[in-house]
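Structure at a glance
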Amino acid sequence: EVQLVESGGGLVQPGGSLRLSCAASGFSFSSYTMTWVRQAPGKGLEWVSHISSSGAAIFYADSVKGRFTISRDNDKDSLYLQMNSLRDEDTAVYYCARWEGVVVVAFDIWGQGTMVTVSS
Amino acid sequence: DIQMTQSPSTLSASIGDKVTITCRASQSFSSWLAWYQQKPGNAPKLLIYRASSLESGVPSRFSGSASGTEFTLTISSLQPDDFATYYCQLYNTNTWTFGQGTKVDLK
């Protein structure tokens, strides 16, 4: 079964750090671009970051640039998001999603999400 | 950057109704537009890709179309399982943008 499972969310104070993980299974992880998408409580979806299959190409939304770092370990079939200098507005459910950029050109597989709460 | 305007934000409909949701882009781009369905507490689910192609396993009552910078998701006959929030999403040269979402609820 194709699956993405996020972990690492929790409560953190403003200015703090958190590292999210996403474990992939059921597909060739190293062949796919991966992304993080977040959703603040009661709000819409926001693309956060993207990393190419090899890790050579990385992009960030302006809202997180300079504070968040995306990475991957293809040997461990895992995606990561290091979040530093967290702000109240970073509170959201964070989803990892597979970007299929050849056939469907869309986010075709999503994890269940992990909640990050930034609050003092 | 291309901006997406999705409308309406809320849509009240009855079982069996035909439902139409629209996303308009601020400028033209390749038709790499997708539609997702999200139910409360769940992750989004891909419904339509490349503006009009139905994802495997998605009921045929869902369809997508494009005309210039306007993209439309249509549910031909609304079913109880369709009450959810729908998002459009465009891709254009390393930029991924979601629409604001449309919540479909029971009239």
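This text gives an overview of the structure that appears in the document. (Residues numbered from 1 in each chain as written. Chains lettered and ligands numbered in written order. Predicted model: local features only at pLDDT ≥ 70, side-chain atom pairs only at ≥ 80, totals over all residues. Heavy atoms only, no water.)

Re the overall build of chain A
The helix and strand inventory of chain A stands at 0 helices and 11 strands. In chain A, the succession of α and β elements from N to C terminus is β-β-β-β-β-β-β-β-β-β-β. Relative to the globule expectation of 14 Å for 120 residues, the C-alpha radius of gyration of chain A, 14 Å, shows essentially globular dimensions. Oriented by its inertia axes, the alpha-carbon framework of chain A measures out at about 40 × 25 × 25 Å. The buried share among the 120 residues of chain A stands at 48%. Taking the intrachain contacts of chain A between residues at least 6 apart in sequence as the baseline, contacts between residues at least 24 apart amount to 52%. (Helix = DSSP H or I, 4+ residues; strand = E, 2+ residues; numbered from the N terminus. Rg over C-alpha atoms; globule rule 2.2 N^0.38 Å. Buried < 20%, exposed > 50% of the residue type's maximum accessible area, 1.4 Å probe, protein only. Contact = heavy atoms within 4.5 Å.)

Thoughts on the sheet that holds strand 1 (residues 4-7) of chain B
Residue and element names in this part refer to chain B. Read from one edge to the other, the open sheet built from 4 strands follows the order 1-3-8-7, with strand pairing classed as antiparallel. Each edge of the open sheet carries a strand with a single partner, namely strand 1 and strand 7 (62-67). Sheet twist, expressed as the average angle between the axes of neighbouring strands with direction ignored, equals 15°. In this structure, strand 3 (residues 19-25) lies alongside strand 8 (residues 70-75), joined through 6 bridges in antiparallel fashion. Residue cysteine 23 lies in a different strand from strand 8, and its bridge partner there is phenylalanine 71. (Pairing = 2+ DSSP bridges. Axes fitted to C-alpha atoms, helices over the stretch in contact; angles between N-to-C directions.)

Re the pairing of strand 11 (residues 102-106) of chain B
All names here are of chain B. Across 4 bridges, the pairing between strand 2 (residues 10-13) and strand 11 is parallel. Opposite alanine 13, over in strand 11, you have leucine 106 as the bridge partner. Examined bridge by bridge, strand 9 (residues 85-91) and strand 11 share 2 bridges and lie antiparallel to one another. Counted as the bridge partner of threonine 85 is lysine 103 from strand 11.

Here's the deal with the interface of chain A and chain B
Every contact between the two is made by 20 residues of chain A and, on the other side, 17 residues of chain B. Around 1700 Å² of area is buried between chain A and chain B when both sides are counted, 67% of it from carbon and sulfur atoms. Applying the counting rule to chain A against chain B returns 0 salt bridges. Put simply, chain A and chain B have 7 residue pairs in polar contact (both at pLDDT 80 or more) between them. Counting only elements with at least two residues in the side of chain A that touches chain B, the list comes to strand 4 (33-39), strand 5 (45-51), strand 9 (92-100) and strand 10 (106-110) of chain A. The residue makeup of the side of chain A that touches chain B, split by class, is 13 nonpolar, 4 polar and 3 charged. (Buried area = accessible area lost by both parts, 1.4 Å probe. Salt bridge = Lys/Arg side-chain N within 4 Å of Asp/Glu carboxyl O. Polar contact = N/O pair within 3.5 Å; in protein donor to acceptor, adjacent residues only side chain to side chain. Nonpolar A, V, L, I, M, F, W, Y, C, P; charged D, E, K, R; others polar.)

Some points on the sheet that holds strand 8 (residues 78-83) of chain A
Residues and elements named next belong to chain A. As summarised here, the arrangement of the 4 strands in space is 1-3-8-7, forming an open sheet in which the pairing is antiparallel. Looking along the sheet, the strands with just one partner apiece sit at the ends: strand 1 (3-7) and strand 7 (68-73). Taking the axes of each pair of neighbouring strands and ignoring which way they run, one obtains an average angle of 15° across the sheet. Of the strand pairs in this sheet, strand 1 and strand 3 (residues 18-25) are connected by 5 bridges, and their pairing is antiparallel. Within strand 3, the residue paired with glutamate 6 across the bridge is cysteine 22.

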